[in-house]
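What follows is the residue order along each chain.
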Amino acid sequence: MNAKIAGIGFYVPERIVTNEELTEVMDTTSEWIVERTGIEERRYAEKHKDTTSTMAAEAAKIAIERAGLTAEDIDFIVFATLSPDYYFPGSGVLLQRHLGIKNIGCLDIRTQCTGFIYGISVADQYIKSGMYKNILVVGAELHSAGLDFSTRGRNVTVIFGDGAGAAVLQATEEDKGILTTNLHADGEFAEHLAYFNPGTHGGVFLGDKSDLTYEGEPEFGGMHLTQEMMDKGDIFPHMNGRYVFKHACEKFPAAIKEACEATGHTPDDINMLIPHQANLRISQMIQLGLGIEDERVYNNIQKYGNTTAASIPIALCEAWEKGLIKDGDLVCLAAFGSGFTWGAALIRW
Ligand code: UT7
């Protein structure tokens, strides 16, 4: 059995937040953001309307319908997010409830930007083993609720946006679908892109402090947030941007080449590359290194910012909706992010 993508969908909140709007609350400029990241605008969820799992449900409904199925046909849910509705339980069960499905298993994946690649890899194995026939794989993020909108957080905040993307992976005997996936991680770099609090570390910082870009000593307070932690901004995501950028430029191409080699292809054979939308400059570096022309890569970070686990399914779906992906095309998905984690997938569409 092969696992093909039988249906795909995405959802982004209506509210468009331009770079100009961010300049009203923090010391930044639209020129800086566009020049360093390519981002022109992003979407923010509407309070009391969108949550991570409700956005996921909107994307999932489209994917299920396009697969010619109903929610009852789904055998298993894989949900990738770093911004879950609750600390626990994971958002997978909430998505299951929104879709009105009972009893099926739900697996939450915590590999951040690489979450969707890990998700389809897991789904591919379940389908190949014959355990499940229709698996819903979702990436969804609601970043805007957890960002630092003061100048202190500008290096992180300007990048991220909200949204969700979903795919139904389906068993098929046809000669198409997922050809290969590769998954990687290196926990040595865990603290370079992380959200520490709340967490069970109880003040024990395990990483290399010299690389932290915090001003002053970070407050690693554990599960209970204190006023001091809030005042110092230790309740926001931390990113050592340049370090992440450097590693991303190495690991993305390595994963893509590995996927090509595993299937007897070269980057020249790829009809459409969908890189995780981390930063337009990173996508361009990958493209340049692999000799992939503009027509064979799809980027939409300009409109949606970096939506972490949602970025690949959103970009994949949008490219497909625009007719840029056709039956028989070789599609490559690749990601790098917090963990560090990275990986790639090759799909015969
Ligand atoms: O998807 C997960 C993986 N994440 C990534 O792949 C992100 C990888 N990293 C990046 O994309 C880039 O590192 C950033 C876009 C985050 C930052 O760009 P950079 O060119 O690496 O800037 P930087 O952090 O080295 O900062 C350069 C300067 C600093 O000022 P000084 O110290 O040179 O005076 C920052 O304070 O730019 C300043 N800066 C800003 N200025 C205006 C940082 N953020 C901003 C901002 N607006 N938003």
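Residues numbered from 1 in each chain as written. Predicted model: local features only at pLDDT ≥ 70, side-chain atom pairs only at ≥ 80, totals over all residues. Heavy atoms only, no water.

Caption draft 1: Spotlight on the overall build of the protein chain. Helix and strand counts for the protein chain come out as 11 helices and 13 strands. Computed over C-alpha atoms, the radius of gyration of the protein chain comes to 19 Å, within 12% of the 20 Å expected from 2.2 N^0.38 for 349 residues, which places it in the range of a compact globule. Overall, the protein chain is about 60 × 45 × 35 Å in size when its C-alpha atoms are taken along their principal axes. Here the protein chain holds 349 residues, and the buried ones make up 57% of them. Counting contacts in the protein chain only where the partners sit at least 6 residues apart, residues at least 24 apart contribute 75% of the total. Put simply, the protein chain shows about 15000 Å² of open surface, and 50% of that area lies on carbon and sulfur atoms. Positive and negative side-chain charges in the protein chain, numbering 29 and 48 respectively, have mean positions lying 2 Å apart. (Helix = DSSP H or I, 4+ residues; strand = E, 2+ residues; numbered from the N terminus. Rg over C-alpha atoms; globule rule 2.2 N^0.38 Å. Buried < 20%, exposed > 50% of the residue type's maximum accessible area, 1.4 Å probe, protein only. Contact = heavy atoms within 4.5 Å. Areas by Shrake-Rupley, 256 points an atom, 1.4 Å probe, with all protein chains shown as cover. Lys, Arg positive; Asp, Glu negative; His and termini not counted. Charge placed at Lys NZ, Arg CZ, Asp CG, Glu CD.)

Caption draft 2: Representation of the sheet that holds strand β4 (residues 76-80) within the structure. Strand order in the open sheet made by the five strands is β1-β7-β6-β4-β5, with mixed pairing throughout. In this open sheet, the two edge strands, each paired with only one partner strand, are β1 (2-11) and β5 (105-109). When the angles between neighbouring strand axes are averaged without regard to direction, this sheet yields 20°. In the sheet, β1 pairs with strand β7 (residues 163-172) via nine bridges, with the strands oriented antiparallel. Opposite Ile 8, over in β7, you have Ala 167 as the bridge partner. Here helix α4 (residues 91-98) sits on the sheet in contact with β4, β5 and β6 (134-141), set at roughly 130° to β4. Seen against the sheet, helix α11 (residues 311-321) touches β1, β6 and β7 and runs at an angle of roughly 90° to β1. (Pairing = 2+ DSSP bridges. Axes fitted to C-alpha atoms, helices over the stretch in contact; angles between N-to-C directions.)

Caption draft 3: Region of the structure containing the side chain of Glu 318. By secondary structure assignment, the location of Glu 318 is in helix α11. Relative accessible area serves as the criterion here: at 5%, Glu 318 is assigned to the buried category. Within the local environment of Glu 318, its side chain forms a polar contact with the side chain of Lys 303, the two groups lying 3.0 Å apart. Other than its neighbours up to four places away in sequence, Glu 318 contacts Phe 10, Tyr 298, Asn 300, Lys 303 and Tyr 304. (Polar contact = N/O pair within 3.5 Å; in protein donor to acceptor, adjacent residues only side chain to side chain.)

Caption draft 4: Inspection of the site of the ligand at higher detail. The local shell around the ligand holds 20 residues, among which Thr 28, Arg 36, Arg 242, Asn 279 and Asn 306 are the closest. Within the side chain of Arg 242, one N or O atom sits 2.6 Å away from an oxygen atom of the ligand. Asn 279 is positioned with one of its side-chain polar atoms (N or O) 2.6 Å from an oxygen atom of the ligand. With the chains in place, 74% of the 950 Å² that the ligand exposes on its own is no longer accessible. Cavity membership is defined here by more than half of the atoms lying within 2 Å of grid points; on that basis the ligand lies in the second largest pocket. (Near = heavy atom within 4 Å. 1 Å grid on protein atoms, 1.4 Å probe; cavity = no way out; pocket = protein on both sides within 12 Å on 5 of 7 lines; lining within 4 Å. Sits in = over half its atoms within 2 Å of the grid points.)

Caption draft 5: Looking closely at helix α2 (residues 30-37). Of the positions making up α2, those classed as buried are Ser 30, Ile 33 and Thr 37. Viewed end-on, α2 has its buried residues packed into an arc of 75°, placing them on one side of the element. Among the exposed residues of α2, those pointing more than 90 degrees away from its buried face are Glu 31 and Glu 35. Next to the buried residues of α2 lie α1 (19-23), β3 (41-44), α9 (280-290) and α10 (301-304). Taken from the residues just after α2, Gly 38 is the one with a positive phi, measuring 85°. (Arc of directions from axis to C-beta.)

Caption draft 6: Representation of the sheet that holds strand β12 (residues 330-337) in the model. Strand order in the open sheet formed by four strands is β8-β13-β12-β11, and the pairing between neighbours is mixed. Each end of this open sheet is capped by a strand with a single partner; those strands are β8 (177-185) and β11 (272-275). Averaged over all neighbouring strand pairs, the angle between strand axes comes to 10°, with direction disregarded. Pairing geometry for β8 and strand β13 (residues 341-348), over eight bridges, is antiparallel. Across the sheet, Asn 182 pairs through a bridge with Ala 344, a residue of β13.

Caption draft 7: Quick look at the layout of surface pockets. The space that makes up the largest pocket amounts to roughly 1400 Å³. Taken together, 49 residues make up the lining of the largest pocket; nearest its centre are Leu 82, Pro 84, Arg 110, Tyr 195 and Pro 198. Broken down by secondary-structure element, the contributors of at least two residues to the lining of the largest pocket are β5 and β9 (193-194). When the residues that make up the lining of the largest pocket are grouped by side-chain class, the tally is 25 nonpolar, 16 polar and eight charged. Here the second largest pocket is characterised by a volume of approximately 670 Å³. Put simply, the parts of the chain that give the lining of the second largest pocket at least two residues each are α2, α6 (154-157), α8 (241-262), α9 and β12. Of the residues contributing to the lining of the second largest pocket, the split by class is 12 nonpolar, nine polar and seven charged. (Points joined across faces, edges and corners; volume = space filled by probe spheres on them. Nonpolar A, V, L, I, M, F, W, Y, C, P; charged D, E, K, R; others polar.)

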